[in-house]
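# Analysis of the macromolecular model
Here is how the chains run, residue by residue.
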Amino acid sequence: MELWKNKVKIVRGIGGLGSQMLAYSLGIELGNRTNSLVKYDFSRFERIKEHNNEELERVFGIKTQNTSSIESFLIGSNKLTARILRRFLFKFKIVRPYYGYTKKFNFDESVFSKDRAYYYDCWTSYKYFIKSENEVRNYFKFPPILDAINSEILELIHSTNSVSIHIRRGDF
């Protein structure tokens, strides 16, 4: 289990595509700034069906290095055994937890420590990946539209004055 051998960073993927993109972007920056192995924990989607589950591979073809089932259990599970072990890991600073919602979702430079760490929740500030901006932009390129229906819609968009409206479907 690599979590104990190295200064591994584990970023938990939650929410929809946008939140997953932010988590992945944080992971890129963590790897670049700390020269650490970065793994992703998408195990939440196995337990809770939310949005369209893990979407980075489906939409962008990104294959993340995911946590092992033991790492996911220890760090991400709400079972009593995992909570007790996690409290021990955090209390004795074997693994350091970071929470994206602290400081009212603003940037916190301390997340780039050299410690083993687990990153919870949303990382909404662009400052978490600003130094890796070009690399992040290279990962998030939509594939070409090949099917007839979407090609037709794309052509219509390009040939008219178009507006897009995104409607959130009830997660807040």
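First, a word on scope: everything that follows refers to the structure included in this document. No experiment lies behind these values; they were computed from the predicted model shown.

## Focus on the overall build of the protein chain
From N to C terminus, the protein chain includes 8 helices and 4 strands. Secondary structure elements in the protein chain, listed N-terminal to C-terminal, are α-β-α-β-α-α-α-α-β-β-α-α. Expressed as lengths along the three principal axes of its C-alpha atoms, the size of the protein chain is roughly 60 × 35 × 30 Å. Within the protein chain, counting contacts between residues at least 6 apart in sequence, those at least 24 apart form 64% of the total. Each charge sign in the protein chain was given a centre, from 28 positive and 19 negative side chains, and these centres are 11 Å apart.

## Remarks on the pattern of salt bridges
Pairs can form between side chains of opposite charge once their charged atoms are near each other. The final tally for this structure, using the stated rule, is 6 salt bridges. Among the salt bridges present, the one from Arg33 reaches Glu29, with a minimum N-O distance of 2.8 Å. Residue Arg33 and its partner Glu29 are both found in helix H2 (residues 17-34); the two are separated by 4 residues, about one turn of the helix. For Glu57, the salt bridge goes to Lys63, with nearest N and O atoms at 2.6 Å. A relative accessible area of 38% places Glu57 in the partly exposed class. Bridged by salt links that share partners, the residues Glu29, Arg33 and Glu109 form one connected network.

## Remarks on the packing of aromatic side chains
Scanning the entire structure with this criterion turns up 14 aromatic pairs. An angle of 70° between the planes, with centres 5.8 Å apart, marks the rings of Tyr119 and Trp123 as edge-to-face. Given the relative accessible area of 2%, Trp123 is considered buried. A network of ring pairs unites the aromatic residues Tyr24, Tyr40, Phe42, Phe60, Tyr139, Phe140 and Phe142 as a single cluster. Positioned above the aromatic ring of Phe112, the side-chain terminus of Arg33 is 3.8 Å from the ring centre.

## What to know about the nonpolar core
Counting 25 residues, the largest nonpolar core has Val11, Leu26, Leu56 and Tyr119 as its most contacted members. The set of elements that each furnish at least two residues to this core consists of H2, strand E2 (38-41), helix H4 (56-60) and strand E4 (117-120). Counting residues per element, this core draws most heavily on H2, which supplies 6 residues. In this structure, Tyr119 is in contact with Lys9, Ile10, Val11, Arg12, Leu26, Leu30, Tyr98 and Val111, ignoring residues within four places of it in sequence. The next biggest cluster of nonpolar side chains, apart from the first, holds 9 residues, and it includes Ile75, Leu89, Phe90 and Val95.

## So, unusual backbone geometry
Look at Asn35: it is not a glycine, yet its phi comes out positive at around 55°. Inspection of the secondary structure puts Asn35 in the loop between H2 and E2. Residue Asn35 is classed as exposed on the basis of its relative accessible area of 73%. Although it is not a glycine, Lys93 adopts a positive phi angle of roughly 55°. Among the secondary structure elements, Lys93 is positioned in the loop between helix H6 (80-91) and strand E3 (96-99). When its relative accessible area of 72% is taken as the criterion, Lys93 is described as exposed.

The rules behind each value
- Residues numbered from 1 in each chain as written.
- Predicted model: local features only at pLDDT ≥ 70, side-chain atom pairs only at ≥ 80, totals over all residues.
- Heavy atoms only, no water.
- Helix = DSSP H or I, 4+ residues; strand = E, 2+ residues; numbered from the N terminus.
- Contact = heavy atoms within 4.5 Å.
- Lys, Arg positive; Asp, Glu negative; His and termini not counted.
- Charge placed at Lys NZ, Arg CZ, Asp CG, Glu CD.
- Salt bridge = Lys/Arg side-chain N within 4 Å of Asp/Glu carboxyl O.
- Buried < 20%, exposed > 50% of the residue type's maximum accessible area, 1.4 Å probe, protein only.
- Phe/Tyr/Trp six-rings, centres within 6.5 Å; stacked < 30°, edge-to-face > 60°.
- Lys NZ or Arg CZ within 6 Å of the ring centre and 35° of its normal.
- Core = buried A, V, L, I, M, F, W, Y, C linked by side-chain atoms within 4.5 Å.

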